[in-house]
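Architecture and fold: a report
As a plain string of letters, each chain reads:
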Amino acid sequence: MSDTIIDPNFKAPEPERVGEERGSLTRIVQELVFTVDHKKLGLMYIGSGLMFFVVAGLMATMMRLQLAFPNGKVLDPDVFNRLFTMHGTTMVFLVGMPIIFGFANYLTPLMIGARDMAFPRLNAFGFWVFFFSGFLLYFSYLAAPGLYAAGSAPDVGWFAYSPLTAKAFSRGHSTDYWTLSLLMGGIGSVATAINIIVTTLCLRCKGMTLGRMPLFVWVFLVAAFLVIIAIPPLSACQIMLIFDRYLGAKFFDTQAGGSAVLWQHFFWIFGHPEVYILILPGFAIANEIVPVFSRKPMFGYPIMVAATVMIGFISLTVWAHHMFTVGMTSIGNTFFVVSTMIIAVPTGIKIFNWLGTMYGGKIRFDLPMLFCIGFLFQFLIAGLTGVMLSVAPFDWQLSDSYFVVAHFHYVLIGGLLYMVFSGIYYWYPKAFGRMLNVKLGHWHFWLFTIGFHLTFGPQHIAGFMGMPRRVFTYEEGRGWDLWNLLSTIGVLIQIPGILFFVINLIYSYIKGKKAGDDPWDAWTLEWSTTSPPPEYNFAKLPEVKSRRPLWDLKHPEDPDWKFE
Amino acid sequence: MSTEHLHAGESASLINDPNATETPWRLPSQRKAGIACLIVTESTLFTIFVVAYLFYMGRSLNPPYPAQVLEFPWLGSIALFSSSATIMLAEIMLRKVNRFGFLIWWGLTIALGAYFIYFTATEWMHLIYGKNLTIGSNVFGSTFYALVGLHLSHVFIGLLLLSTVWLLTFFGKIPKDHHEHIEVVSWYWHFVDAIWLVVVTVVYIISVNY
C-alpha cells in the first residue's frame, strides 16, 4: 500500500452530461449525497450539527423570554413543554453527537496517517441515518397530531419518564416520533462509533503504536467504546416503549406489575455515559490545543491515557446519581455517591495535566487557546457543582432545580461547546485553507463568554432559592425575579456572539488570510499534508517514530524519538 | 524551519533515520475488529432485555405464569447448538477448498437454523392459542416475547447472511481470498448461539421456578 504512487497533479476528466460541471448546484448536491470521503462527511456532520444548534438555541431563547419576568405571557404552557423537550433532545442527539462525530471523522484518519475511515460506506450510512432521524423528530410538528388532533411535538422531557409516555397520558404520535427518531439515530451512532474504533485499531500508519497515537485519537477511541456500550440500553428501552404503546406490553405499566423506575434506570444507564461521550471529545480537542499553544509536549501522556480509560469505565457505574430522589436503598445511594465522587479523580488528573503543560510554557493567546482557557475555568466550575450534586442529601434538596440546569449547561456549553469552538478555530485553516478572522473571533469570544456566565451563573442562585426546572412561569416575590431577568439578558448577549461566529465562518471562507499547510507550527500528522487535504490525504503513507512526528521532521537535529 | 516542502507529494517518510531496523508492522484485521465491536454492542442490547426479564420474574399479577406454560425447548436448542458445530466443519472444508463439502455443511447449518425458527414458531402458536400467553397478558408475556423474539430476529438475520453466502458459493465458486468474509459471518452465528445459551438458562431453567 505504501508503495502506491498517486500523481498529485491528476485531474478527473470533466463529465459530459449537462448539469454535472464542477460547481453547478446539481453537481454539489450529487457530491454531497454520493460522497464516502471522511473529510466531506466530517464537515457535513459539523455543518448539520451547527444548523440544529441554531434551531435549538432559538428554542432556548424563546423559553428565556417567557421566563424573563414573572407571570410571563410569551408562550403557552404546552408550547413551553414542547420547547424544552425539543431543545434538550436536539442539543444532545442532533447537535452534540454529530459535531463530535464530525471531528472524529475529519481528524482520526489524518492524525493516524490513513487515507480514509475503515468502512467509508458505513460512514456515509451513519451520517444519513443521523440526518434523517433529525428530520423525523422535527416532522412531529406536522404529523404528530394525527387524527386525534392531539399535541404536536413531543412534550415529555428529554428523558421521557414513564408513565408520562404511556398511551393514556401522551395521546397522538408525538412520543412515537421521539422514540423512533432516537432509535434510528442510535443505529447511526453505533455504526459511526464502530467505524471510529476499527479505523483507530486497524489503519494506523507504520510506526504509530498505541503509545504514540495523538491523545485526541486515544480519547475518541474511549468515547467510541462508550457509544457502542451505552447506546443499546437506550435503543432497548425505546423498543420496550414501542411495545408498550402499540402492542399493549406491560414493561412500564405500573398497574399491571410493570415498573416506572426501570425506565429511569435503563435511560440513565445510557444517559450518564452519554454525558461522558459528549465531554470526552472536549478533552480530546484540549489535548491537542494546550500543548501546541504552550509550545511544550503534553505533560504526562501515559497518565492522560490512563485517566481517559478510567473515566470510560467509571462512567458506566454512576448512572443512578440522577435518581437519588427516587428513593433507593441506602446501599444503592452510597454506591452511586462514592462512584460519582471517584470519577472526579481522573477528571481532576486531566485538568492538572493541562495546567502542567501550560506551566512554564511559552503560551500563545491565539483564538483556539483563548477558548481552551475559558473551557478550563468553566469546566472546573461545572466539575465542582457536579461533586456537590453527587452528595445525596445535597441532591435531595436541589435535584430538578435550576441549580442542576446551571450545572449541566456549564458542562455542555462551558465544557463541550467551548472546545468545539476552539477546535473549529484550530482546524478551520486545515479544512478550508484560510484563517478565521481574529477580530471577529475576539468579538465572538468576549460576547459569548460574558453572555454565557450571565445566563447560567444566576441560575445557580435561582436554584438555591428553590426554583424548579421546567416551570413555564413563576409568581412575583419569590426572590427569583432578578436572577431570571439577568439570565435572559445573558442570552441576548450570547446571540450576537454566535452571530459573529457564523459571519466569521462565511467571511473567512471567502476573504480569510491564506493559511498554508501548518499555520500553528503544530506536531501532528494532519498538518503535514496540504490545506485542505487532497482526497487521498497523503500521497505516500507516512511513517512515524514518536508522538510528535512533525517535530521530528522540523527538527532533525533534535528529534523526539531519541527520548522515547 | 519552513514547512513548504511538506506538500502532499512529498510528505512521504517523516523519519530519515538510517539506523532504523525494519520491524514488521502488523495491525488487526478490519473485518474481525468490526464484527467484534458489533458483538459487543449487541451483547449490551441483550443484557438490558435479560435484566428486564430477571427483574420482572415473579412480578406478574395474573396468570399464565412461567411454571405453568413453559416447556424446555429440547429440539430447538439441540438444532441451534449443533449448528455451531456444522458451521465449523464448513469452514474446515473451505480451508481445504472443498466446494462440495462446504456447501453441504453450510447448507446443513442453514437447515438447522431454519428448523429453530420453525420450532419457535410452533411453540409460540401453542403459547398464544393454547395457553393464552400474549405480549400483553402480563409482564411475563411482555418480557418473554421481547427477549426470545429479539434473539429470534438475530437468528433470522444470521440466516439471511448464511443463505447469501451459500447462494453465492453455489452459483459462483469459493473465492479463496474471501475466507475472512465467511469467518466473520460464522463469528456472528456463534454469537447468536451463545446468546441462546443465556436465554435458555434464564427463561427455561431459572424462571420456570416462578
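Residues numbered from 1 in each chain as written. Chains lettered and ligands numbered in written order. Predicted model: local features only at pLDDT ≥ 70, side-chain atom pairs only at ≥ 80, totals over all residues.

This part covers the overall build of chain A. When you go through chain A residue by residue, the secondary structure sums to 16 helices and 0 strands. Taking 2.2 N^0.38 as the reference for a compact globule, 564 residues should give roughly 24 Å; the C-alpha atoms of chain A span a radius of gyration of 24 Å, in line with that estimate. Taken along its principal axes, the extent of the C-alpha atoms in chain A is 70 × 60 × 45 Å. A buried classification covers 54% of the 564 residues belonging to chain A. (Helix = DSSP H or I, 4+ residues; strand = E, 2+ residues; numbered from the N terminus. Rg over C-alpha atoms; globule rule 2.2 N^0.38 Å. Buried ≥ 20, exposed ≤ 12 C-beta atoms within 10 Å, placed from the backbone.)

A few words now on the interface of chain B and chain A. Listed by partner, the interface residues are 39 residues for chain B and 47 residues for chain A. Elements that contribute at least two residues to the side of chain B that touches chain A include exactly α1 (30–55) and α5 (139–171) of chain B. Per-element tally for the side of chain B that touches chain A: the top contributor is α1(B), with 13 residues. Residues belonging to the side of chain B that touches chain A are distributed by class as follows: 22 nonpolar, 15 polar and 2 charged. (Contact = placed C-beta atoms within 7 Å. Nonpolar A, V, L, I, M, F, W, Y, C, P; charged D, E, K, R; others polar.)

All names here are of chain A. Running from amino to carboxyl end, helix α13 (residues 402–432) crosses helix α14 (residues 438–464) at an angle of 165°, the nearest separation of the two axes being 8 Å. Comparing the axis directions of α13 and α14 gives the class roughly antiparallel. Where α13 crosses over α14, the two elements pack in a sense that is left-handed. On the side of α13, the interface is formed by Y402, F403, V404, V405, A406, H409, Y410, I413, G414 and Y425, while α14 contributes G441, F452, F456, Q459, H460, A462, G463 and F464. When grouped by side-chain class, the residues that make up the contact of α13 with α14 number 12 nonpolar, 6 polar and no charged. (Axes fitted to C-alpha atoms, helices over the stretch in contact; angles between N-to-C directions. Parallel < 35°, antiparallel > 145°, perpendicular 65-115°, else oblique. Left-handed = near helix turned anticlockwise from the far one by under 90°.)

This part is about the nonpolar core. Grouped together as the largest cluster of nonpolar side chains are 205 residues, with contacts concentrated most on I197(A), V219(A), F220(A), A224(A), V227(A), I228(A) and L280(A). The dominant element in this core, judged by the number of residues it contributes, is helix α6 (residues 215–247) of chain A, at 24 residues. (Core = buried A, V, L, I, M, F, W, Y, C linked by C-beta atoms within 7 Å.)

A few words now on helix α9 (residues 330–342) of chain A. All names here are of chain A. Compared with an ideal rise of 1.5 Å per residue, which puts 13 residues at 18 Å, α9 spans 18 Å between its outermost C-alpha atoms and is within 8% of the ideal. Along α9, the positions that sit buried rather than exposed are N333, F336, V337 and T340. The buried residues of α9 occupy an angular sector of 105° when the element is viewed end-on, so they sit on one face. Projecting away from the buried face of α9 at angles above 90 degrees are the exposed residues I331, T334 and V338. Buried residues belonging to α9 abut α11 (367–390) and α12 (392–398). (Expected span 1.5 Å × (residues − 1). Arc of directions from axis to C-beta.)

Residue and element names in this part refer to chain B. Summarising the element assignment, E71 is placed in the loop between α2 (66–69) and α3 (74–95). Residue E71 is classed as exposed on the basis of its C-beta count, with 10 C-beta atoms lying within 10 Å. It is 11 Å that separates the C-alpha atoms of E71 and V200, two residues lying 129 residues apart in sequence.

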